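Commentary on secondary and tertiary structure
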Amino acid sequence: MNAVNLLDFDLEGLARWCAGFGEKRFRATQLFRWIHQRGASDFALMSDLAKSLREKLDQSAFIKPLEVISEQASADGTIKWLFSVGNGDAVETVFIPEDDRGTLCISSQAGCAVGCRFCSTGHQGFSRNLSTGEIVAQLWFAEHHLRKRLQLPVGQRAITNVVMMGMGEPLQNYAALLPALRVMLDDHAYGLSRRRVTVSTSGVVPMIDRLREDCPVALAVSLHAPADLLRDDLVPLNRKYPIAELLGACERYLERAPRDFITFEYCMLDGVNDSLEQAGQLLQMTRGRGADGQPVPVVNCKFNLIPFNPFPASGLLRSPTERVQAFARCLQDGGVVTTVRKTRGDDIDAACGQLAGEVQDRTSVRQRTATRAPIRIHARGSAVRPVPPEGVR
Ligand code: SAH
Ligand code: SF4
């Protein structure tokens with residue numbers, strides 16, 4: 001029998017695996033608690049498990065941590081880890097402490113196939129999906145490492161919130177993501193509430209529908225443009241799932257979680273998507289008129305404006321602060337709750353979109369070249385892609 005990595009299992013999976021050699025469910029629960037609540041990786045130390053079970057575990061299972069390549073701490077308390085996932089690939093995980101919470105930003109893939117223009121991960125291309133164990137290992141490591149480092153009293157958690165906003169498109173790695181989310185929510189593991197776990201997506205419509213059925217955690221949608229022409233260019237996945245379909249999926253998502261809202265992320269790019277006219281288009285897009293003529297939300301949403309974190313290969317610039325403020329005011333005046341994200345960990349390149357890891361780009365050259373033509377901005381801020389050279393269309 002091949003030995004298995006126990007970080008790959010949610011509790012159901014672990015119970016099924018334990019049942020395979022005659023162990024009852026409560027044994028699986030005990031084991032699960034040792035691993036996730038106590039951070040144990042040595043079966044010999046799991047003192048309330050029968051010796052015979054510990055011996056069986058020794059032969060047939062292991063707990064595989066990720067190999068830490070580096071750790072960088074920012075002046076503002078943000079910590080970024082670079083983990084090796086083998087074969088030359090590395091992913092990043094970021095801890096962001098705030099007064100009332102500790103947020104862990106987790107990666108779901110080595111690289112990303114979506115290839116958004118403004119994203120450093122996207123520029124590297126796609127290498128591979130992470131396994132459930134590799135997603136969970138980021139939380140497992142960070143939680144137990146930070147408990148020791150911050151000398152937290154027994155029972156106090158270091159990580160209160162998780163955001164799937166590291167490297168990769170989580171909804172393009174759904175099979176591995178779902179059990180990982182279940183581990184995060186499980187009371188026998190990290191016990192995070194549904195609203196404290198956020199999946200951020202560039203808009204994989206069918207998988208938003210699946211997530212709604214399977215595990216409706218908080219949803220953030222990376223919008224970045226008020227109209228398809230521009231979004232097609234910034235977020236190439238829009239050509240497959242245009243804005244109207246994406247908004248439809250958001251509405252359906254909220255049917256399942258009616259007291260929740262969708263967070264629309266909007267990366268502010270100088271001269272590309274930051275005009276007041278575009279803010280007005282966003283308002284029109286997300287709000288309609290009720291029978292009494294008053295504005296009503298089409299999608300119960302909130303906007304989070306992200307100052308663009310520039311990197312040279314993007315050829316894009318950050319919008320000036322005044323323009324971001326004016327854009328935010330316009331949305332707020334239109335009745336949509338809007339926040340401007342504070343950039344954290346800037347000095348260690350840990351802010352949104354700066355996570356680069358080190359990824360062997362295995363995306364085909366054809367695919368990469370086809371999404372890298374420079375953006376031409378039209379007078380009203382829409383963008384068109386110049387015709388690509390022969391052979392890359
Ligand atoms: N693939 C998912 C989650 C990872 S990206 C998604 O796209 O939603 C997490 C967030 O960082 C997204 O909102 C993304 O649009 C934003 N982002 C990417 N590159 C950025 C950059 N250079 N500056 C600011 N935000 C960026
Ligand atoms: Fe992928 Fe998200 Fe970056 Fe787009 S923004 S390339 S979807 S990680």
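Note that this is a predicted model, so its numbers are computed, not measured. (Residues numbered from 1 in each chain as written. Chains lettered and ligands numbered in written order. Predicted model: local features only at pLDDT ≥ 70, side-chain atom pairs only at ≥ 80, totals over all residues. Heavy atoms only, no water.)

1. Some remarks on the overall build of the chain
As a reminder of what qualifies: Strands here are runs of E lasting at least two residues and helices are runs of H or I lasting at least four, both read from the DSSP assignment and numbered beginning at the N terminus. Burial classes follow relative accessibility: with a 1.4 Å probe on protein chains only, a residue under 20% of its type's maximum area counts as buried, one over 50% as exposed, and anything between as partly exposed. We call two residues contacting when some pair of their heavy atoms lies within 4.5 Å. Each accessible area is a Shrake-Rupley result for a 1.4 Å probe, and residues are judged covered by the shown protein chains and nothing else.
Along its length, the chain carries twelve helices and 18 strands. Within the chain, buried positions represent 54% of all 393 residues. Within the chain, residue pairs in contact and separated by at least 24 positions form 65% of the contacts whose partners lie at least 6 positions apart. If you sum the accessible surface of the chain, you get close to 17,500 Å²; carbon and sulfur atoms cover 52% of it.

2. Notes on the sheet that holds strand S5 (residues 90-98)
Stated formally: Here, a strand pair is defined by DSSP locating no fewer than two bridges between the strands. Lines fitted to C-alpha atoms define the axes, with helix axes restricted to the stretch in contact, and inter-axis angles between N-to-C directions lie between 0 and 180 degrees.
Spatially, S3-S4-S5-S6-S9-S10-S11-S12-S15-S16 is the arrangement adopted by the ten strands of the open sheet, whose pairing is mixed. Either end of the sheet is taken by a strand with one partner, and the two such strands are strand S3 (67-73) and strand S16 (337-340). Strand-to-strand twist across the sheet, computed as the mean angle between neighbouring axes with direction ignored, equals 20°. Bridge count for strand S9 (residues 161-164) against strand S10 (residues 197-201) is three bridges, and the pairing is parallel. Along S10, the bridge assignment pairs methionine 164 with valine 199.

3. Side note on the site of ligand 2
What counts is decided by this rule: If even one non-hydrogen atom of a residue comes within 4 Å of a molecule or strand, that residue is called near it. Each residue receives one of three labels: charged for Asp, Glu, Lys and Arg, nonpolar for Ala, Val, Leu, Ile, Met, Phe, Trp, Tyr, Cys and Pro, and polar for the others, Gly being one of them.
Taken together, Cys112, Val114, Gly115, Cys116, Cys119, Gly122, Gly168, Glu169 and Ser202 form the complete shell of residues around ligand 2. Of the residues contributing to the shell around ligand 2, the split by class is four nonpolar, four polar and one charged.

4. A closer look at the nonpolar core
The nonpolar side chains of soluble globular proteins are, as a tendency, buried together. Test applied: Grouping buried Ala, Val, Leu, Ile, Met, Phe, Trp, Tyr and Cys residues that are joined through side-chain atoms within 4.5 Å yields what is termed a nonpolar core. Residue ranges labeled as domains rest on an automatic or database domain assignment.
Judged by nonpolar contacts, the single largest core of 110 residues is most densely connected at Leu6, Leu31, Phe118, Met184, Leu211 and Phe264. When residues of this core are assigned to domains, at least three map to each of domain 1 (4-62) and domain 2 (67-384). Non-local contacts of methionine 184, meaning those with residues more than four positions away in its chain, are made with Ile106, Ile135, Leu139, Val162, Met164, Tyr190, Gly191, Leu192 and Val197.

5. Points about the site of ligand 1
Rules: N or O atoms within 3.5 Å of each other form a polar contact, as long as, within protein, one can give a hydrogen and the other can take it, and as long as residues adjacent in sequence are counted only when both atoms are side-chain atoms. Points on a 1 Å grid over protein atoms alone make up a cavity when a 1.4 Å probe fits among them but cannot get out, and a pocket when they form an open set with protein on both sides within 12 Å along at least five of seven lines; lining residues each have an atom within 4 Å of a point. Think of it this way: if more than half of a molecule's atoms are within 2 Å of a pocket's grid points, that molecule is in the pocket or cavity.
Near ligand 1 lie 20 residues; those nearest to it are Phe118, Ser200, Ser222, His224 and Asn309. Here glycine 168 contributes a backbone N or O atom positioned 2.9 Å from a nitrogen atom of ligand 1. The fraction of the free accessible surface of ligand 1 (530 Å²) that becomes covered by protein chains is 96%. Given that more than half its atoms are within 2 Å of the pocket grid, ligand 1 belongs to the largest cavity. Taken together, the elements giving at least two residues each to the shell around ligand 1 come down to S10, strand S12 (262-268) and strand S15 (301-307). Taken together, the residues that form the shell around ligand 1 break down as nine nonpolar, nine polar and two charged.

6. Some thoughts on the packing of aromatic side chains
Operational definition: Only rings of Phe, Tyr and Trp enter the pairing, Trp through its six-membered ring, and a pair is recorded when the two centres are within 6.5 Å. The plane angle decides the type: under 30 degrees is stacked, over 60 is edge-to-face, the rest tilted. Definition used: whenever NZ (Lys) or CZ (Arg) falls within 6 Å of the ring centre and also within 35 degrees of the ring normal, the charge is taken to sit over that ring.
The tally for this structure, following the rule as stated, stands at eight aromatic pairs. Summarising the aromatic geometry, the rings of tryptophan 17 and phenylalanine 21 are spaced 4.9 Å apart at their centres and angled 90° between planes, so their arrangement reads as edge-to-face. For tryptophan 17, a relative accessible area of 14% translates into the label buried. Ring plane angle 40° and centroid distance 5.4 Å describe the contact between phenylalanine 264 and phenylalanine 303, whose orientation is recorded as tilted. With phenylalanine 264 in strand S12 and phenylalanine 303 in strand S15, this residue pair connects regions lying 39 residues apart in the sequence. Comparing phenylalanine 264 with phenylalanine 303, the two get one shared label, buried. One aromatic cluster is present, formed by Phe264, Tyr266, Phe303 and Phe327 through successive ring pairs. Looking at arginine 38, its charged tip hangs above the ring of tryptophan 34, at a distance of 4.1 Å from the centre.

7. Quick word on the pairing of S16
Note the following rule: Classification remark: right-handed applies to a crossover when, strands pointing away from the viewer, the course from the first strand over the helix to the second runs clockwise.
Bridge count for S15 against S16 is four bridges, and the pairing is parallel. Pairing of asparagine 304 across the sheet is with threonine 339, part of S16. Traced from S15 through helix H11 (residues 321-333) to S16, the parallel crossover comes out right-handed.

8. Quick notes on helix H3 (residues 51-60)
Heads up, the condition is: The arc in question is the one traced by the directions running from the helix axis out to the C-beta atoms.
Every buried residue of H3 is listed here: Leu53, Arg54, Leu57 and Ser60. Along the axis of H3, the buried positions cluster into a sector of 140°, meaning they face one direction only. Exposed residues pointing more than 90 degrees away from the buried face of H3 are listed as Lys51, Asp58 and Gln59. Along its buried surface, H3 packs onto strand S1 (4-5), helix H1 (11-19), helix H2 (25-36) and strand S2 (61-62).

9. What to know about the environment of arginine 194
Structurally, the position occupied by arginine 194 is in the loop between helix H6 (174-185) and S10. When the C-alpha positions of arginine 194 and methionine 184 are compared, they lie 9.1 Å apart, and in sequence the two are ten residues distant. There is a polar contact of 3.2 Å between the side chain of arginine 194 and the side chain of aspartate 260.

10. Examining helix H9 (residues 243-256)
For clarity, the cut-off: By definition here, a helix of n residues has an expected span of 1.5 Å times n minus one.
In this model H9 runs 20 Å from its N-terminal to its C-terminal C-alpha over 14 residues, within 8% of the 20 Å that 1.5 Å per residue would give. Restricting attention to buried positions, one finds in H9 the residues Ile243, Leu246, Leu247, Gly248, Ala249, Cys250, Tyr253 and Leu254.

11. Quick notes on the confidence of the model for the chain
Parts of the model with low pLDDT should not have their predicted coordinates read in detail. Applied cut-off: Each residue carries a pLDDT value, the predictor's own confidence for that position, ranging from 0 to 100.
Averaged over every residue, the pLDDT of the chain is 88; residues scoring 70 or more account for 87%. Counted against residues more than four places away or in other chains, residues 369-393, with its pLDDT under 50, gives 49 contacts.

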